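# Results of the structural survey
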Amino acid sequence: MYRFSKPALFILLFAFQYSTVALDFAKLRLDIINQESRLRSIEANRGYLSPELIEPLDTLVKLSLLANRLSDADVYIDRALQIVRLEEGLYNPKQYPFLKSAIEVEIDQGNWKDAKEKLNFLKWLVDKKYEGPALDRVSLLHWIVGTHMRGFYEDSEESEAEHLINATRISETAVMYSQANGLVEGLTYLDLLVTLSNSYMLEVEGIRGGGSTSYRIRRLGPSELNIFEKRSEAEEKRYSVGLEKLNMIRELSSKFFNNALEAKSMADLYIARWQDYFDRAEEHEFSISRARHGLIKVGYAPSEVDRLLNDLSILPAGNMLLTFSEVEAATAGAGD
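Residues numbered from 1 in each chain as written. Predicted model: local features only at pLDDT ≥ 70, side-chain atom pairs only at ≥ 80, totals over all residues. Heavy atoms only, no water.

## Section: the nonpolar core
- One finds Leu57, Ile77, Phe98, Leu122, Ile144, Leu193 and Trp274 to be the most contacted residues of the largest nonpolar core, which totals 71 residues.
- The residues contacting leucine 57, other than those within four sequence positions of it, are Leu39, Tyr76, Arg79, Ala80, Ile83 and Phe98.
- The next biggest cluster of nonpolar side chains, apart from the first, holds 12 residues, and it includes Leu269, Ile288, Leu295 and Leu308. (Core = buried A, V, L, I, M, F, W, Y, C linked by side-chain atoms within 4.5 Å. Buried < 20%, exposed > 50% of the residue type's maximum accessible area, 1.4 Å probe, protein only. Contact = heavy atoms within 4.5 Å.)

## Some thoughts on the pattern of salt bridges
- Summed over all chains, the structure comprises 28 salt bridges.
- Residues glutamate 52 and arginine 46 are paired through a salt bridge, measuring 3.4 Å at the closest nitrogen-oxygen approach.
- We note a salt bridge from glutamate 251 to arginine 250, for which the minimum N-O separation is 3.2 Å.
- Given the relative accessible area of 12%, arginine 250 is considered buried.
- Linked by salt bridges that have partners in common, Arg169, Glu203, Glu229, Lys237 and Arg238 make up one network. (Salt bridge = Lys/Arg side-chain N within 4 Å of Asp/Glu carboxyl O.)

## A closer look at the packing of helix 6 (residues 112-128) against helix 7 (residues 134-154)
- Taken N-terminus to C-terminus, the directions of helix 6 and helix 7 make an angle of 155°; their axes are 11 Å apart at the nearest point. It follows from the interaxial angle that helix 6 and helix 7 lie roughly antiparallel. Helix-helix and strand crossings are classified by hand; for helix 6 and helix 7 the assignment is left-handed. Facing Trp112, Leu119, Leu122, Lys123, Val126 and Asp127 of helix 6, the residues of helix 7 in contact are Arg137, Leu140, Leu141, Trp143, Ile144, Thr147, His148, Arg150, Gly151 and Glu154. (Axes fitted to C-alpha atoms, helices over the stretch in contact; angles between N-to-C directions. Helix = DSSP H or I, 4+ residues; strand = E, 2+ residues; numbered from the N terminus. Parallel < 35°, antiparallel > 145°, perpendicular 65-115°, else oblique. Left-handed = near helix turned anticlockwise from the far one by under 90°.)

## Description of the confidence of the model for the protein chain
- In this model, the protein chain carries a mean pLDDT of 85, and residues with pLDDT of at least 70 account for 85%.
- Considering only residues more than four positions removed or in separate chains, one finds that residues 1-23, a stretch of pLDDT under 50, has 32 contacts.
- Below pLDDT 50 for its whole length, residues 321-336 participates in 31 contacts with residues either more than four positions away or in separate chains. (pLDDT = per-residue confidence, 0-100.)

## Structural notes on helix 12 (residues 260-277)
- Here helix 12 spans 26 Å end to end across 18 residues, near enough to the 26 Å set by a 1.5 Å rise per residue.
- Judged by how many residues are buried, helix 12 sits mostly within the fold: 14 of 18 residues are covered.
- The N-capping residue of helix 12, defined by a side-chain oxygen 3.1 Å from the backbone nitrogen of leucine 261, is asparagine 259.
- Count one or two residues on from helix 12 and you reach aspartate 279, which has phi positive near 60°. (Expected span 1.5 Å × (residues − 1). Polar contact = N/O pair within 3.5 Å; in protein donor to acceptor, adjacent residues only side chain to side chain.)

Structure below.
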């Protein structure tokens, strides 16, 4: 029997994880003290800028973030970046995780101005000076997109369009880069398609919201030309490209899950939500019917299908569906 309400499940998982962290706070403090002692020992024997300090600094950054000691994390990050750049060069990929942590610290402190400056530098590195495997590059692009998505919700209203436009364009780049480098056979690629669909939906939310965000999203060409798409045309374009990506997800998802019909039927639910969002009643009803028929055929009770539809209906715009990695984790061990 299938027993999962995904939004509720993830709330429960988060609550459990939070309580576990709280219970381990004493151990966390002890770990920080031990790592600081190790750091001082290496300094005394190897010097203040020894490359051997990178590993304990990395550990201290992670521990400080877990303990919400953001100022300490910032100090450790700056020092690690200094050592990496001196020892490995200005563009070395060893700095990527420290830059990501630096951006997260700025965001957690509500300092989006500095966060965007550091994010722009990371984007430049990934675009112009990247060193490393193609899959790692895709993961970095995906992380950057997620940060812009967060910026849409947390940064100032004046920056909404900037974050949306960046999220969409970088998602499109990541998808094309994955295709060009033969990276379409894993869940990461499916998650990229999900993220891109969410980006299109958020852009439509921005268009419908009006104001400067709508104008900036609909702008065609340089700002000085003041040429804009009509709202209806802008929405129609995003409906079409988003539906295309969802249909790609539908076809590809069957390759990654044990039951191809179940995977396609689940994708049909998300396609139906997309069509409903754009008031495509006839297409919506067809997708719902196809999804319901498929899920019942593979063993879902009608009441479980209704629950899935209800869960899907309460997801906010821009969070149209969970990533396939999350779905796989949430449904692991579900009965059949």
